[in-house]
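Spelled out, the chains give:
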Amino acid sequence: MKIYVAGHQGMVGAAILRQLQARQDAGADLELLTRTSAELDLTDQNAVREFMQAERPDQVILAAAKVGGIVANNAYPAQFIYENLMIECNVIHQAYAVGVQNLLQLGSSCIYPKNAAQPMQEDALLTGTLEPTNEPYAVAKIAGIKLCESYNRQYGTDYRSVMPTNLYGPGDNFHPENSHVLPALIRRFHQAVRDNIAEVVIWGSGNPMREFLHVDDMATASLFVMDLDREAYRAETREMLSHINVGSGTDVTIRELAETVARITGFKGKLNFDTTKPDGTARKLMDVSRLARLGWKYSIGLEEGVRDTYDWFLKQRDEDLRAK
């Protein structure tokens with residue numbers, strides 16, 4: 001079995017690759033296929049066509065995407081919609097063109113309407129207006145779902161989509177401007193402790209609620225869905241509503257999240273919530289009952305997961321310093 005993992009250097013792709021490598025080590029007959037973005041530009045149709053025709057994988061896991069937080073989505077909306085659309089169109093179509101029957105595409109919880117009923121069920125898709133701050137990205141990820149469903153409908157392929165909640169963990173992006181909320185908080189609190197800063201400013205009121213899932217749990221869930229018998233998968237999905245939510249099914253306020261990160265990093269100072277900055281969606285909790293019925297549940301709690309992520313962050317920074 002030759003499996004192509006697109007986006008293997010990203011946080012999710014790397015976690016999936018680690019688990020596939022563990023299967024190899026346990027004796028599974030797998031050939032794992034990867035390419036860096038420098039080796040293969042997934043927005044280049046001709047390059048993707050040539051790659052697929054040369055390698056002819058049996059399965060494709062599409063974890064490649066341009067991702068970022070509120071600041072990045074606001075600053076680069078054209079890049080977010082263009083690059084994600086191109087990646088999805090090229091990988092999915094060229095996979096079909098060389099006969100790939102099994103493909104898994106990773107999306108995002110931002111596909112759901114801004115005011116979707118909580119927790120968000122899969123059938124909330126396309127029932128309302130999207131959150132404006134990340135609408136271009138969301139539209140691209142919705143297109144990915146519909147690409148998979150349309151190829152299944154017309155060509156009889158078995159292309160599946162999983163919609164993760166907010167992910168975090170080893171390999172996350174800790175950039176001060178382009179990161180998501182949890183890694184941004186880890187970096188900010190770490191720097192405050194390091195530099196003996198008495199106050200940490202946090203965007204928004206602290207009241208919005210968010211759900212988080214450790215990336216290792218996401219990787220496990222992705223392979224679980226990929227491995228499902230076709231009839232079992234179809235029993236929980238519909239032809240043109242085939243995606244499955246992946247999450248913990250629990251959420252916390254941004255204030256509670258900040259307090260958790262402060263505790264783990266050892267920050268003893270004041271938390272200052274800047275209400276002049278946007279909150280984003282008030283709540284984004286996934287309904288994960290469909291995946292639960294299929295037999296999967298998360299295993300890494302938030303406290304344990306944040307500690308693991310902070311340990312990785314410290315180790316990575318030490319390695320970067322030694323490399324310099």
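Residue indices follow the written sequence of each chain, beginning from 1 at its first position. Local features in this predicted model are restricted to residues whose pLDDT is 70 or higher, and side-chain atom pairs enter the listing and the counts only when it is 80 or higher, whereas totals over whole chains, interfaces and linings include all residues. Computation of side-chain values: all heavy atoms of the structure, hydrogens and water removed.

(A) Structural context of the environment of Gln79. Along the chain, Gln79 falls in helix 4 (residues 77-97). Separated by 58 residues in sequence, Gln79 and Tyr137 place their C-alpha atoms 8.9 Å apart. Comment: elements are numbered from the N terminus, with helices defined as DSSP H or I runs of at least four residues and strands as E runs of at least two.

(B) A look at the packing of helix 6 (residues 181-194) against helix 9 (residues 254-265). Here an angle of 0 to 180 degrees is reported between the N-to-C directions of two axes, which are lines fitted to C-alpha atoms, with helices fitted over the stretch in contact. In contact at an axis separation of 9 Å, helix 6 and helix 9 are set at 40° when each is read in the N-to-C sense. In terms of orientation, helix 6 lies oblique with respect to helix 9. Where helix 6 crosses over helix 9, the two elements pack in a sense that is right-handed. Two secondary-structure elements touch here, helix 6 through Val181, Leu182, Leu185, Ile186, Phe189, His190 and Val193 and helix 9 through Ile254, Leu257, Ala258, Val261, Ala262 and Thr265. All amino acids are sorted into three groups, where Ala, Val, Leu, Ile, Met, Phe, Trp, Tyr, Cys and Pro are nonpolar, Asp, Glu, Lys and Arg are charged, and the leftover types, Gly among them, are polar. Residues belonging to the contact of helix 6 with helix 9 are distributed by class as follows: 11 nonpolar, 2 polar and no charged. Angles are sorted into four bins: roughly parallel if under 35 degrees, roughly antiparallel if over 145, roughly perpendicular if 65 to 115, and oblique for all others. Definitions for this section: a left-handed crossing has its near helix turned counterclockwise from the far helix by less than a right angle. A right-handed crossing has that turn clockwise. Any two residues having at least one pair of non-hydrogen atoms within 4.5 Å are treated as being in contact.

(C) Up close: the packing of aromatic side chains. Here is the rule: rings of Phe, Tyr and Trp (six-membered ring for Trp) pair when centre to centre is within 6.5 Å. Planes less than 30 degrees apart are stacked, more than 60 are edge-to-face, and the remainder are tilted. Across all of its chains, the model carries 10 aromatic pairs by this definition. A centroid spacing of 4.8 Å and a plane angle of 45° characterise the contact between Phe174 and Phe313, whose relative ring orientation is tilted. With Phe174 in the loop between strand 6 (166-168) and helix 6 and Phe313 in helix 11 (residues 302-323), the pair connects residues that are 139 residues apart, well separated along the chain. Neither residue differs from the other here; Phe174 and Phe313 are each classed as buried. Geometrically, the ring pair formed by Tyr310 and Phe313 is stacked, given 6.2 Å between the ring centres and 20° between the ring planes. Of the two residues, Tyr310 and Phe313 are both situated in helix 11; the distance of 3 residues between them amounts to about one turn of the helix. For the pair shown, Tyr310 and Phe313 are each scored as buried. Taken together, Phe174, Tyr310, Trp312 and Phe313 form an aromatic cluster joined through their ring pairs. Partly exposed describes any residue whose relative accessible area lies between the buried limit of under 20% and the exposed limit of over 50%, with all areas from a 1.4 Å probe on protein chains only and scaled to the type maximum.

(D) Focus on the sheet that holds strand 2 (residues 31-33). Two strands qualify as a pair provided that DSSP identifies no fewer than 2 bridges between them. With parallel pairing, the 6 strands of this open sheet are ordered in space as 2-1-3-4-5-10. In this open sheet, the two edge strands, each paired with only one partner strand, are strand 2 and strand 10 (244-246). Shown here is a sheet whose adjacent strand axes are inclined to one another by a mean of 20°, direction ignored. Summarising the sheet, strand 1 (residues 2-6) and strand 3 (residues 59-62) pair through 4 bridges and their orientation is parallel. Bridge pairing in strand 3 places Tyr4 opposite Val60. The strands touched by helix 4 within the sheet are strand 3, strand 4 (102-106) and strand 5 (158-164), with strand 3 carrying the most contacts at an inclination of about 175°. The sheet strands contacting helix 7 (residues 215-227) are strand 3, strand 4, strand 5 and strand 10, and the helix crosses strand 4 at an angle near 150°.

(E) Structural context of a nonpolar patch on the surface. A contiguous nonpolar surface patch, about 230 Å² in accessible area, is contributed by Ile70, Val71 and Trp203. Relative to the helices and strands, Val71 resides in helix 3 (residues 70-75). Exposure above 30% relative accessible area and no salt bridge define the residues that can form patches, which grow by joining like charges within 9 Å and nonpolar side chains of Val, Leu, Ile, Met, Phe, Trp and Tyr within 5 Å. Calculation of accessible area relied on Shrake-Rupley with a 1.4 Å probe; when residues are assessed, cover is drawn exclusively from the protein chains displayed. For salt bridges, the criterion is a side-chain nitrogen of Lys or Arg within 4 Å of an Asp or Glu carboxyl oxygen.

(F) Expanded view of the sheet that holds strand 13 (residues 283-284). The sheet built from 3 strands is open, its strands ordered 11-8-13 with mixed pairing. A strand with exactly one partner marks an edge of an open sheet, and here the two such strands are strand 11 (252-253) and strand 13. Here strand 8 (residues 209-210) pairs with strand 11 via 2 bridges, running antiparallel. Each bridged residue has a counterpart across the sheet, and for Met209 the counterpart in strand 11 is Thr253.

Keep in mind these values describe shape, not function.
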